[in-house]
Amino acid sequence: MDLDSNAIDYVLSTTRSVRLRLDFEREVDPQIILDCIDIAEQAPTGGNRSSRRWIIVTGKSQKEKIADLYLKAAGNWMIQARDQLAGTGHPNEKMMESAAYLAENLEKAPAIVIPTIIGIHDNSGKPGLFDSVIQSAWSFCLALRARGLGSAWTTAVLGEQDELKRILSIPDEVTEIALLPVAWTKGTNFSKVQRTPAQDISYFDSYGITFEDPSSSPISFSDGPGVSVEVDIDASVSSVWDVVTDINFPAKYSDEFVSAEWNDQTERIALGSKFQGKNQNENIGEWTVECTVDAYEEKRVFGWCTGDTSSPGARWRYELESFGSSVRLRHKALLGPGPSGLTRIIEQHPDKEEQIIMNRAASLKANMVKVLQGIKDYLEI
Ligand SMILES: Cc1cc2nc3c(=O)[nH]c(=O)nc-3n(C[C@H](O)[C@H](O)[C@H](O)COP(=O)(O)O)c2cc1C
């Protein structure tokens, strides 16, 4: 059979958490749900043992009890959060509107499916227990989507697991994984959403090592090597922003960066602002490089490139992502494509290019980790 990768990719990338567009008026034949479970059961399972059990709730009174429990576990909180966020333009406003809608209407879903697995996740050396059910439950969601039905992966009710077990007579030694409302969707067009690009979250050969333009091995400078490190900081986005835009701050923690000075002290930092960065290390000695701010989005991205702006020696980035009361701070260094101390060393030892790149990346990473940890410690005290 020829595989239609476009159709498959479309289903894979548009299987959303459907809540507002679940059609509560249209009946769902339980046979469709069983067909989707048959497909989901093709997912891998540890030891090739069949240990997944699926509870399909269609009875009115059972659905009502589960809907009440969902409200108690988190639904009431979602409704409150929806009301607080309404009209604020907060990034979670839409998601909360949709989550609260599901909480208010769960009992209207034609079916509620609860995938479970025989076993208890008690860290007692049963690796693969959950890994044997999650992929299968997700295949179930994809199979629904391929047929014009939808669901939303929810776990809120698991906060009331004992009561859920009691309502559904689930044995103690069985674990519930998620609660999936199932209905036909109103329309079948769903969109892709913006997610972090693979290049930013995929590391080659070692955690934190990136390549902008990876080719097959051996690793070379033209692959665009880089380093990406990150830390979660319990602090406001403004305070993290203030620290990352203080160009001298890293000197307190880095073994390589010594100091920096703006060319024009009176200038407000903006795209094109320039500073001189002084560094030293045992392989290259001491050097000063002109840096130009080439990425500036208030409280989101601050970055500069070294040397010639049309072909920089390196590009440095701080990226801030806010999560409630904390910030995930990512620090990246992208090497090249222009000349630098690194390219000079590679020119002297072309046969050792891969090793030189990986060594340089490892030493940059060590310093970047120190700087991020320093920022975290400074802000969390
Ligand atoms: C582990 C997990 C738990 C979730 N729990 C809930 C939940 O309890 N209630 C809910 O409405 N959505 C829940 N969601 C759905 C997320 O809110 C949703 O995936 C996210 O907003 C992104 O939307 P999308 O799936 O349409 O891309 C959960 C998702 C995951 C992966």
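For the structure, see preceding data.
Residue numbering note: each chain is counted from 1, following its sequence as written. Reporting in this predicted model follows two pLDDT cut-offs: at least 70 for local features of residues, and 80 or more for side-chain atom pairs to be given and counted; totals over whole chains, interfaces and linings ignore these cut-offs and use all residues.

K.L.:
What am I meant to see in the overall build of the protein chain here?
P.N.:
Every helix listed is a DSSP run of H or I at least four residues long, and every strand listed is a run of E at least two residues long, numbered separately from the N terminus. A tally of regular secondary structure across the protein chain gives 10 helices and 14 strands. Dimensions along the principal axes, computed over C-alpha positions, put the protein chain at roughly 75 × 50 × 45 Å. Of the contacts made within the protein chain by residues no fewer than 6 positions apart, 65% connect residues no fewer than 24 positions apart. What counts as a contact is two residues whose backbone-derived C-beta atoms lie within 7 Å of each other.

K.L.:
Help me out: how do you make sense of the sheet that holds strand β8 (residues 225–233) in this one?
P.N.:
Sheets are built from strands paired through backbone hydrogen bonds, the pairs being either parallel or antiparallel. A strand pair is defined by DSSP finding two or more bridges across the two strands. Strand order in the open sheet formed by eight strands is β7-β8-β14-β13-β12-β11-β10-β9, with antiparallel pairing between adjacent strands. Every other strand in the sheet has two partners, leaving β7 (209–211) and β9 (257–262) as the edge strands with one partner each. Sheet twist, expressed as the average angle between the axes of neighbouring strands with direction ignored, equals 25°. As judged from the five bridges shared by β9 and strand β10 (residues 274–281), these two strands associate in the antiparallel manner. Following the sheet pairing, Ala 260 is matched in β10 by Gly 277. Axis definition: a line fitted to C-alpha atoms, over the contacting stretch in the case of helices. Angles run 0 to 180 degrees between N-to-C directions. In this fold helix α10 (residues 353–380) packs onto β7, β8 and β14 (326–335), with an angle of close to 20° to the strand it touches most, β8.

K.L.:
Please explain unusual backbone geometry as it appears in this structure.
P.N.:
Excluding glycine, residues mostly carry a negative phi; peptide bonds, for their part, are mostly trans. A cis amide bond, omega 5°, links Gly 336 with the succeeding residue Pro 337. Position of Pro 337 relative to the elements: it lies in the loop between β14 and α9 (341–348). One non-glycine residue, Ser 169, adopts positive backbone phi at about 55°. Mapped onto the elements, Ser 169 comes out in the loop between α6 (161–168) and β5 (174–176). A count of 7 C-beta atoms within 10 Å places Ser 169 in the exposed class. The backbone of Lys 299 sits at a positive phi, close to 60°, despite the residue not being glycine. Checked against the element boundaries, Lys 299 lands in the loop between β11 (285–297) and β12 (301–306). Any residue with 12 or fewer other C-beta atoms within 10 Å of its own C-beta is exposed, any with 20 or more is buried, and the rest are partly exposed; the C-beta atoms used are placed from the backbone. With 16 C-beta atoms counted inside 10 Å, the residue Lys 299 sits in the partly exposed group.

K.L.:
Can you walk me through the site of the ligand in this structure?
P.N.:
Taken together, Arg 16, Ser 17, Met 95, Ala 99, Leu 102, Ala 152, Trp 153, Thr 154, Thr 155, Ala 156 and Val 193 make up all the residues around the ligand. Partitioned by chemical class, the residues of the shell around the ligand number seven nonpolar, three polar and one charged. Working rule for contacts: place C-beta from the backbone, and if it is within 6 Å of a molecule or strand, that residue counts as near it. The nonpolar class holds Ala, Val, Leu, Ile, Met, Phe, Trp, Tyr, Cys and Pro. Asp, Glu, Lys and Arg form the charged class, and all remaining residues, Gly among them, are polar.

K.L.:
Help me understand the pairing of strand β6 (residues 180–185) in this model?
P.N.:
Along any regular strand the residues' side chains alternate between the sheet's two faces. Of all six residues in β6, six are buried; the element is thus mostly enclosed. Bridge analysis of strand β1 (residues 22–23) against β6 gives two bridges, and the strand direction is antiparallel. Bridge pairing links Leu 22 to Thr 185 in β6. As paired elements, strand β3 (residues 111–118) and β6 share three bridges and run antiparallel to each other. If you follow Val 113 over to β6, its bridge partner there is Leu 180.

K.L.:
Just to check I follow, could you spell out the nonpolar core for this structure?
P.N.:
Generally speaking, nonpolar side chains in soluble globular proteins are found buried as a group. By size, the foremost hydrophobic cluster in this structure holds 40 residues, and its most contacted members are Tyr 70, Ile 112 and Val 182. Elements supplying a minimum of two residues to this core: α2 (30–40), α3 (60–85), α4 (93–105), β3, α5 (134–146) and β6. Per-element tally for this core: the top contributor is α3, with six residues. Among residues more than four places away in sequence, those in contact with Tyr 70 are Gly 75, Ala 103, Leu 106, Ala 156 and Val 157. Working definition: the nonpolar core is a set of buried Ala, Val, Leu, Ile, Met, Phe, Trp, Tyr and Cys residues, joined through C-beta atoms within 7 Å. By size, the runner-up hydrophobic cluster in this structure holds 33 residues, among which are Ala 314, Val 327, Leu 329 and Leu 335.

K.L.:
Hey, could you run me through the environment of Thr 343 in this one?
P.N.:
Relative to the helices and strands, Thr 343 is located in helix α9. Note on Thr 343: 16 C-beta atoms within 10 Å, which makes it partly exposed. Along the primary structure Thr 343 and Phe 221 are separated by 122 residues, whereas in three dimensions their C-alpha atoms are 8.0 Å apart.

K.L.:
In this structure, what is going on with the pairing of β14? I would like to understand it.
P.N.:
Of the strand pairs in this sheet, β8 and β14 are connected by eight bridges, and their pairing is antiparallel. Bridge pairing in β14 links Ser 228 to Lys 332. As defined by bridge partners, strand β13 (residues 314–323) adjoins β14 across 10 bridges and the pair is classed as antiparallel. Within β14, the residue paired with Leu 320 across the bridge is Leu 329. From the end of β13 to the start of β14, which pair antiparallel, there are two residues, and Gly 324 there has a positive phi angle of about 55°.

K.L.:
When you look at the packing of helix α8 (residues 237–244) against α10 in this model, what are you seeing that I'm missing?
P.N.:
Helices that pack against each other are described as a pair by the angle of their axes relative to one another and the distance between those axes. Close contact between α8 and α10 brings their axes to 11 Å; oriented N to C, the two are set at 130°. Put simply, α8 runs oblique to α10. In terms of crossing hand, the pair formed by α8 and α10 is right-handed. Of the residues in α10, those in contact with Ser 239, Val 240 and Val 243 of α8 are Ile 375, Tyr 378 and Leu 379. A class-by-class count of the residues in the contact of α8 with α10 yields five nonpolar, one polar and no charged. Angles are sorted into four bins: roughly parallel if under 35 degrees, roughly antiparallel if over 145, roughly perpendicular if 65 to 115, and oblique for all others. Here a crossing is called left-handed whenever its near helix is offset anticlockwise from the far helix by less than a right angle, and right-handed whenever the offset is clockwise.

Distances and angles like these do not, on their own, reveal function.
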